[in-house]
Amino acid sequence: MVMGTVTTARKTRWALLDIVIVVYALIPVLWIASLSFKTKDTLADGNFIPREWTLQNYADIFATNEFIRPLINSIGIATIATVIAVGLGMMAAYAIARLDFPGKRALVGVSLLIAMFPQISLVTPLFNIERELGLFDTWPGLILPYITFALPLGIYVLSAFFREIPWELEKAAKMDGATPAQAFRRVIAPLAAPGVFTTAILVFIFCWNDFLFAISLTSTEAARTVPAALSFFTGTSQFEDPTGTIAAAAVVITIPIVLFVLFFQRRIVAGLTSGAVKG
Amino acid sequence: MAEIVLDKVTKTYPDGARAVSEMDIEIADGEFVILVGPSGCGKSTALNMIAGLEDISSGELRIDGARANEKAPKDRDIAMVFQSYALYPHMSVRENMAFPLRLAKVDDATVRAKVDEAAEILDLTQHLDRRPSNLSGGQRQRVAMGRAIVRSPKAFLMDEPLSNLDAKLRGQMRTSVAKLQKQLGTTTVYVTHDQTEAMTLGDRVVVLRGGVVQQIGSPQFLYEQPANLFVAGFIGSPSMNFVAATLEDGALKSPLGTITLTDRIRRLAEEANAPREVVLGIRPEHFEDAALLEEEHKARGASFSAAVDVLESMGSEKFAYFTVEGELARTAELQELAADAGATDVPGTGSTIVARLSASSGARVGQDLQVWFDADKLQLFDPSSGKNLTYAG
């Protein structure tokens, strides 16, 4: 009985703590969701729960190309950049974790440098370079810088995961008759999967949320992504405030991220490698 | 099945360190050979070179008469059991064991039959659908063995496969490894640092030190005729006792008293040009409590009297520890052995002698005991080279 009460008390304490943190983290999100459901007249009434509910804001954003086209750009650009960055990152991280090659320290150092470099200082040169090369306002014009800045992150996360995999598994695969490629594909890659998914999520979120490059390196809806497009939203007349539609668009672009994380979270099973070796 | 020949195989690392020097071993088809030595003696490097996981710097490795130096591990048709087992954690036991066959593109029915057969031999049938993480240490070890035997390779390489098991299980597995090897008749190279495993498992044992082969022979031969101090100290448990002694006019002056050499030993020592200063080695089992022996038996050896420091009764026998006056035999070999056993920090003056006595011995701690030893079982070593002066080869 004593044990039972202790557990209940513990549970309650933890539950309270969890609620406080979740509320703290989610209030801005709930606020913007609340704004998106308010009518134009009640928008500024300061109520957390809308007094008049409406879906008009959602209907409005999907009625124009102003939102749908950037949404397609966002999905396309972020997905392509993620696939390429994770693919390259896997190879680089595997080499860093497993091989001893000349210039390894330099490579790691440079990639760290890129990750720390203030992106704003690169915007002007990138703008000029891309205009010269004809990449300005195109998908590759955004995909390339995204890959550059996502790779260091990817290499870091992935090499940590690769280092965790016992090297003997690769030796065992070779002894079992595998070529190096087969050993990587059938033994190492499946074990690194949690790391690959984690990296994919992080890289995708980085690309999806980027505003700086998106606003600087695009000029039309040909490549403008949603975060940039939001800043161009206007009301139906110049006297109208687009707050409601911006809020609705913000909610909509959060949904893919949530889905993405929920989908891959099930695959991020920690401790997958346990049982490989005695330890 | 295959014969494996190492012909002056050497491994030199880029920094100049030599892990293995000119190793010459001929392993016959179906033979069970043990590579044994303290940590860092190059035994695992040698095994990895046979496997193809490490390059051979010079010399030649021949499998079935064909040079194999440049062959990739997958083309050597050799299976390996790792110390850590190296099971694939994302595959079930069945998939783990089937993996080599799948890579070899064997058809499904044959894979199933071979895995089932191996599982039967290793008593794993009821665990086939489990993941390695849900198995005990002994079961994981058996899966690792299973993965090696399913594809009937030319040879097995085993890298300390039992060292992660607890003592009791290790004993059981040792027996089953020996049985399995005899049953399959596959050439096996087995690496261990445990001299008990080396003695009990192998047809032949290769003792290594610092990358150099010290002696190759059957376990019994190594025990009776160690080529040098290192082998003498490494083989046998508890290990051989060593004390410094002086040869004078056919007699041996030692902390155990002056011993008259038997004709056999005197002849061997003379043939070997024994120096004056030697190291005397006696195995613990060649001592006995003098009170338990008949007079005529006693005449074949010599006795000394010393106080018993520690007495360990094992039930079937007793181990008595004495301290005798006189210098401890100190040579590079013995220090390396002591370092490997972690015994360098044990303080003490004089030499400690371990004697195995009959269980019926009346020895008591702190009391003097008359101890007899067999004078014909003595071994004499050259302190500078470590060579066995009584080696009859």
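Basis of the calculations
- Residues numbered from 1 in each chain as written.
- Chains lettered and ligands numbered in written order.
- Predicted model: local features only at pLDDT ≥ 70, side-chain atom pairs only at ≥ 80, totals over all residues.
- Heavy atoms only, no water.
- Contact = heavy atoms within 4.5 Å.
- Salt bridge = Lys/Arg side-chain N within 4 Å of Asp/Glu carboxyl O.
- Polar contact = N/O pair within 3.5 Å; in protein donor to acceptor, adjacent residues only side chain to side chain.
- Helix = DSSP H or I, 4+ residues; strand = E, 2+ residues; numbered from the N terminus.
- Nonpolar A, V, L, I, M, F, W, Y, C, P; charged D, E, K, R; others polar.
- Buried < 20%, exposed > 50% of the residue type's maximum accessible area, 1.4 Å probe, protein only.
- Pairing = 2+ DSSP bridges.
- Phe/Tyr/Trp six-rings, centres within 6.5 Å; stacked < 30°, edge-to-face > 60°.
- Expected span 1.5 Å × (residues − 1).

Peer 1: Could you clarify how one ought to interpret the interface of chain B and chain A in this entry?
Peer 2: Frequently, the measure chosen for interface size is the accessible area that the parts lose on association. Counting residues at the interface gives 26 residues for chain B and 23 residues for chain A. One can count one salt bridge joining chain B with chain A. Of the charged contacts in the structure, one is a salt bridge between Asp176 of chain A and Arg147 of chain B, with a shortest N-O distance of 3.4 Å. Where chain B packs against chain A, one counts seven residue pairs in polar contact (both at pLDDT 80 or more). Of all the secondary structure elements, the ones that give two or more residues to the side of chain B that touches chain A are helix 1 (43-51), strand 6 (78-81), helix 2 (93-103) and helix 4 (137-149) of chain B. Here the side of chain B that touches chain A gets four residues from one element, more than from any other, and that element is helix 2 of chain B. Classifying every residue of the side of chain B that touches chain A by side-chain character gives 16 nonpolar, five polar and five charged.

Peer 1: Just checking my understanding: could you explain the pairing of strand 14 (residues 277-282) of chain B for this structure?
Peer 2: Side-chain direction in a regular strand flips from residue to residue, so the side chains alternate between the two faces of the sheet. All names here are of chain B. Across the six residues of strand 14, five count as buried, placing the element largely inside the fold. Where strand 11 (residues 241-248) and strand 14 come together, six bridges link them in antiparallel fashion. From the neighbouring strand, Val243 faces strand 14, where its bridge partner is Leu280. By the bridge criterion, three bridges tie strand 14 to strand 20 (residues 379-381) in an arrangement that is antiparallel. Among the inter-strand pairings, Val279 is bridged to a residue of strand 20, identified as Phe381.

Peer 1: Help me understand the packing of aromatic side chains in this model?
Peer 2: Remark: the centre distance and the inter-plane angle together describe each pair of aromatic rings, the angle taken between the planes. Residue and element names in this part refer to chain B. Summed over all chains, the structure comprises 22 aromatic pairs over all chains. For the ring pair Tyr88 and Phe99, a centre distance of 4.7 Å and an interplane angle of 65° mean the geometry is edge-to-face. Of the two residues, Tyr88 sits in the loop between strand 6 and helix 2 while Phe99 sits in helix 2, which places them eleven residues apart along the sequence. Here Tyr88 matches Phe99 in class, with each residue buried. Judged by centre distance (5.8 Å) and plane angle (70°), the rings of Phe242 and Phe381 are edge-to-face.

Peer 1: What exactly am I supposed to notice about the pattern of salt bridges here?
Peer 2: Two side chains carrying opposite charge are able to pair once their charged atoms lie near each other. All names here are of chain B. For the coordinates displayed, the defined rule picks out 24 salt bridges over all chains. A salt bridge links Lys74 to Asp75; the shortest N-O distance between them is 3.5 Å. Accessibility expressed as a relative area gives 34% for Lys74, which makes it partly exposed. The partly exposed category is assigned to Asp75, whose relative accessible area is 43%. Among the ionic pairs, Glu317 bridges to Arg356, the shortest N-O distance being 3.8 Å. Placement of the pair is Glu317 in strand 17 (residues 317-324) and Arg356 in strand 18 (residues 351-358), with a sequence separation of 39 residues. Among the residues examined, Arg356 registers a relative accessible area of 33% and is labelled partly exposed. In the salt-bridge network here, residues are joined through shared partners; they are Asp7, Glu60, Arg62, Arg67 and Glu70.

Peer 1: Can you walk me through helix 4 of chain B in this structure?
Peer 2: In an α-helix, one turn spans 3.6 residues; hence positions three or four apart end up facing the same way. Across its 13 residues, helix 4 of chain B extends 19 Å between first and last C-alpha, which sits within 8% of the 18 Å expected from 1.5 Å per residue. The element helix 4 of chain B is largely enclosed, with a buried count of twelve among its 13 residues. Within the sequence span of helix 4 of chain B, burial applies to Gly138, Gln139, Arg140, Gln141, Arg142, Val143, Ala144, Met145, Gly146, Arg147, Ala148 and Ile149 of chain B. Where helix 4 of chain B is buried, its residues contact helix 7 (167-175) of chain A together with strand 6, helix 2, helix 3 (108-122), strand 7 (155-159) and helix 5 (167-184) of chain B.

Peer 1: Explain unusual backbone geometry to me, please; I cannot follow it from the model alone.
Peer 2: Negative phi values dominate among residues other than glycine, just as trans dominates among peptide bonds. Residues and elements named next belong to chain B. The residue after Ser237, namely Pro238, is reached through a cis peptide bond having omega -5°. Among the structural elements, Pro238 can be located in the loop between helix 8 (229-234) and strand 11. Its identity is not glycine, yet Lys8 carries a phi of approximately 50°, on the positive side. In this structure, Lys8 sits in strand 1 (residues 4-12). Look at Lys8 and you get partly exposed, because its relative accessible area is 41%. Of note, Asn273 is a non-glycine position whose phi angle comes to about 55°, a positive value. Locating Asn273 in the fold gives a position in the loop between helix 9 (263-271) and strand 14. The class for Asn273 is exposed, based on a relative accessible area of 66%.

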